[in-house]
Amino acid sequence: MVVIARTDPHATYDDVAATHPDWIAVDASGNKRRHWASPEMWVTCGLGPYNFEFMTDVKKEIMSRYKVDGIFINRWDGSGMCYCEHCRKNFKDASGFELPRSNNPQDPARLAYILWRQQRLFDLWQTWDRAVRTINPDSCVIPNTGGGATSSLDMKKIGELAPTLMADRQARSGLMAPWAIGKNAKEYRAALGMKPIVGIFSIGLEEPERWKDSVQNGAEIRLWVADLVANGMRPWFTKFGGVLHDERWLKPVEDIYRRLAGWEKYLRNERPLARVGVVYSQQSNWFGTSREEGHVNGWYQALIEARIPFELVHDRLLDAAHISQFKTLILPNIAALSDAQCDQLRAFVTNGGSVIATYETSICDEWGVRRKDFGLADLFGVGWKGRTEGPMQNSYLRLEHDAAPGHQMLRGLEDAPRIINGVWRLEVEPREKFAQVPLTLIPSYPDLPMEKVYPRVEKTDIAEVFLRESGKSRVVYFPWDIDRTFWEVLSVDHFKLLRNAVEWATNEEPSVTVTGHGVLDVTAWRQKNSFTVHLVNLTNPMMMKGPIRELIPISEQKVRIRLPDGLRAKKVHLLAADKSPRAQHNGTELTVTVPSILDHEIIAIDVG
Ligand SMILES: [Zn+2]
């Protein structure tokens, strides 16, 4: 049995505050901070001697007395800005600036602070890690850290330092989709590769009111864990305290582990088989003015609906070793990209890769400073005219069926003459002649009063998607916020454009095709002697706002799988149904019929 201790340094008591008043966090007005939930306690400074000295001694004491295998460190990175004497002095010594009072990342003090805080926390983590390893070389500290584009510590560096991590997205809340835990898994894997990542799931509700002694509905827990496992994480349940106020969670959690234990051989993933990567960018969030996750979420939802297996990709890991597994990279409004990152994307395309980009992608350098033109203008074949339009009311896109007859970008929209536009668009100019322009702009026109609602211009020649081909690679650029608008509005027309863009750009026979009704998260993996295709059934009236009441089976799905490397299937099994399905072989292509899925089915294919 492996034993991990847990420390949480974010709060302390009066006696400590009296002896070491400088250990307590200070707010912007200069007041020491009482704890928001337990007012008899004080909030501590995360970046000063409380953590660097006192908590280092605490960790040494735990490790030398108990020889645990590791120490998990919770809430270790401070509780917001601290203006204590140590933070003021240390930041001034390091950067020459006073602590910033504005949140604008283009303020030099704020920019310096974003970098300084990260360095301080990486130093702290390493200080603690060295201290425990000196006592027990096989141990480590495991910081509670990491996440996606909106997380504050560089995932590339985290991926280099951490032998393992715990992803702390315990349950969904508010309008979070049930795929959010899978997204978390993909965010971590982008930086940690196939190192073991634990998905912490809660047995309770996860809402701002923090009912930490609550019990969640069993169906909700079961689906959350199914998506966690399908996306490659190891499930770890968490329960506050040792008292069972409500025992209803025991059976569902027992059932989950019992089922997973039976499937274990097929959960030892070696690599994902996805051919599409969606890039996320922390630097665009740190240094850009927009902290909008809607662009990534829009693509995420569209790829789920399109049943296309995909991975997330960290924008600072665009070297060939990290991206050569993909045919298509999607850049959802990745505004901040350095010249070197733009070169990496160009090299990807030169080597046969395809790129899809939206809106302000590459319009800033890596520090969030606007360029005069896109860093990727040559890749898009399009330049920026320096103006942005929006928020647009009542604007449309004309589908150019005559100019681009039967174009793959218009699949499923054959009977649509026009569809809604997005909300923001860049004014751009083509720098070359585009062979086919399937979408053009119908500019905004009044939406009131009623008799004024008619288009002032029926047709323009302003393209709203740019398609380039060169050899096997294809480049798609949307100069508007199609992904963010899709996440906001969920128009099926935008979904079709997003799906069609991926299929046109990827331009190869997909490795997995799943046909049937409903919403499924589809992931595909290679194990040592097998392949698996996970089908997680997200079809539910509570899908976009939970908790899920009951699991509802969906009808028959046909799954076509192209086995790589000329391998042939020896045995095909449905792990959840515990049945051998109807399977047809056609060379290296396998067609499997899955009669029904309750929450999670895995097609396990043993290969020779
Ligand atoms: Zn401080």
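Sequence order as written defines the numbering, with residues in each chain counted from 1. This being a predicted model, a pLDDT of at least 70 is required before a residue's local features are given, and a value of 80 or more before pairs of side-chain atoms are given or counted; all residues contribute to the totals for chains, interfaces and linings. Side-chain metrics rest on all non-hydrogen atoms present in the structure, leaving aside hydrogens and water.

J.: Could you give an account of the overall build of the chain, with specific residues and numbers?
T.: Each helix is a run of DSSP H or I of at least 4 residues and each strand a run of E of at least 2, with the numbering of both proceeding from the N terminus. The helix and strand inventory of the chain stands at 15 helices and 28 strands. Evaluated residue by residue, the chain yields a buried proportion of 55% over its 608 residues. Only heavy atoms enter the contact rule, under which two residues are in contact if any of them lie within 4.5 Å. Looking at the chain alone, contacts between residues at least 24 apart form 75% of all its contacts between residues at least 6 apart. By element, 52% of the accessible surface of the chain is carried by carbon and sulfur atoms, the whole surface being about 26400 Å². With a 1.4 Å probe rolled over the protein chains alone, any residue whose accessible area is under 20% of its type maximum counts as buried; one over 50% counts as exposed, and the rest are partly exposed. Areas reported here follow the Shrake-Rupley algorithm with a probe of radius 1.4 Å; residue values treat only the protein chains shown as occluding.

J.: Summarise the side chain of T12; cite the residues concerned and give the values.
T.: Within the secondary structure layout, T12 lies in strand β2 (residues 11-12). Since its relative accessible area comes to 7%, T12 is described here as buried. Sequence-distant contacts of T12, that is, excluding residues within four places in its chain, are made with I24, M41, W42, T44 and Y50.

J.: Report on the coordination of the zinc ion, specifying residues and quantitative values.
T.: Donor atoms from the polypeptide that bind the zinc ion are C45 (SG), C82 (SG), C84 (SG) and C87 (SG), placed at 2.3 Å. For Na, K and Ca the donor cut-off is 3.2 Å, while for other metals it is 2.8 Å, and in both cases only N, O and S atoms qualify; water is not among them, so sites may look incomplete. Just to be clear on the cut-offs, tetrahedral is four donors with all angles between 85 and 135 degrees, square planar is four donors and octahedral six with opposite donors over 155 degrees apart and all others between 65 and 115, and anything else goes down as irregular. Relative to the metal, the four donor atoms surrounding the zinc ion lie at angles of 102 to 117 degrees, and the coordination shape comes out tetrahedral. Written as a sequence motif, the donor residues of the zinc ion are C-x36-C-x1-C-x2-C. Exposure class is identical for C82 and C87. Each is buried.

J.: Please set out the sheet that holds strand β23 (residues 530-537) residue by residue, giving values where relevant.
T.: Between any two strands, pairing holds if DSSP finds at least two bridges. Here five strands make up an open sheet; going across it, the order is β9-β22-β23-β28-β25 and the pairing antiparallel. Of all strands in the sheet, those bounded by a partner on one side alone are β9 (271-272) and β25 (569-574). Taken together, the seven bridges between strand β22 (residues 520-526) and β23 define a ladder with antiparallel strand orientation. Within the sheet, the bridge partner assigned to D521 lies in β23 and is V536.

J.: Lay out helix α2 (residues 49-66) with the relevant residues and their values.
T.: Any helix carries an expected span of 1.5 Å times its number of residues minus one. Across its 18 residues, α2 extends 24 Å between first and last C-alpha, which sits within 8% of the 26 Å expected from 1.5 Å per residue. Note on bend: at a given residue it equals the angle between the axes fitted to the 7 residues ending there and to the 7 starting there. At M55, α2 shows its strongest bend, of approximately 30 degrees. Among all positions in α2, only P49, Y50, N51, F52, M55, T56, K59, I62 and M63 are buried. Elements in contact with the buried residues of α2: β1 (4-7), β2, β4 (70-73), α3 (85-95), α4 (108-135) and β5 (140-143). Following α2 by one or two positions, K67 adopts a phi angle in the positive range, close to 45 degrees.

J.: Go over the environment of V572 with me, naming the residues and quoting the values.
T.: Inspection of the secondary structure assignment puts V572 in strand β25. For V572 and S530, which are 42 residues apart along the polypeptide, the C-alpha to C-alpha distance reads 9.6 Å. Sequence-distant contacts of V572, that is, excluding residues within four places in its chain, are made with S580, P581, A583, L590, V592, I603, A604 and I605.

J.: Requested: an account of the sheet that holds strand β19 (residues 466-470), with residues and values cited.
T.: Read from one edge to the other, the open sheet built from six strands follows the order β11-β10-β12-β13-β20-β19, with strand pairing classed as mixed. Every interior strand has two partners, whereas the edge strands, β11 (310-314) and β19, have only one. With strand direction ignored, the average angle separating the axes of adjacent strands in the sheet is 20 degrees. Only C-alpha atoms enter the line fits that serve as axes; for helices the fit covers just the stretch in contact. Angles between N-to-C directions range over 0 to 180 degrees. Strands in contact with helix α6 (residues 180-192) are β10 (276-280) and β11; relative to β11, the strand with the most contacts, it is inclined by about 50 degrees.

J.: Before we move on, could you go through the nonpolar core and cite the residues and values that matter?
T.: Take the buried residues of types Ala, Val, Leu, Ile, Met, Phe, Trp, Tyr and Cys, join any two whose side-chain atoms come within 4.5 Å, and each joined set is a nonpolar core. I71, I356, L439, V476 and F478 are the most contacted members of the largest nonpolar core, which totals 121 residues. Non-local contacts of L439, meaning those with residues more than four positions away in its chain, are made with L397, R398, L399, E400, L410, I462, A463, E464, V465, F478, W480 and L497. By size, the runner-up hydrophobic cluster in this structure holds 33 residues, among which are L331, I334, F348 and A377.

J.: Tell me what's going on with the pairing of β22, and back it up with residues and numbers.
T.: Along β22, seven of the seven residues are buried, which leaves the element largely enclosed by surrounding structure. The alternating pattern of β22 places L520, V522, A524 and R526 and D521, T523 and W525 on opposite faces, both of which are buried. In this sheet, β22 lies alongside β9 in antiparallel orientation, the contact comprising two bridges. If you follow P272 over to β22, its bridge partner there is W525. Connecting β22 to the antiparallel partner β23 that follows it, the hairpin turn spans three residues.

J.: Help me get a handle on empty space enclosed by the protein, residues and values and all.
T.: Put simply, the grid is 1 Å and covers the protein atoms alone, a cavity is a trapped set of points that fit a 1.4 Å probe, a pocket is an open set with protein on both sides within 12 Å along at least five of seven lines, and lining residues have an atom within 4 Å of a point. Grid points are joined across faces, edges and corners, and a volume is the space filled by probe spheres set on the points. Per the counting criterion, the structure on display carries four cavities of 30 Å³ or more. Roughly 120 Å³ of internal volume is contained in the largest cavity. Around the largest cavity sit 17 residues that line it, and I203, K212, D213, S214 and F240 are the ones nearest its centre. Grouping the amino acids of the lining of the largest cavity by side-chain chemistry returns seven nonpolar, six polar and four charged. Three categories are distinguished: nonpolar for Ala, Val, Leu, Ile, Met, Phe, Trp, Tyr, Cys and Pro, charged for Asp, Glu, Lys and Arg, and polar for the others, with Gly belonging to the last.

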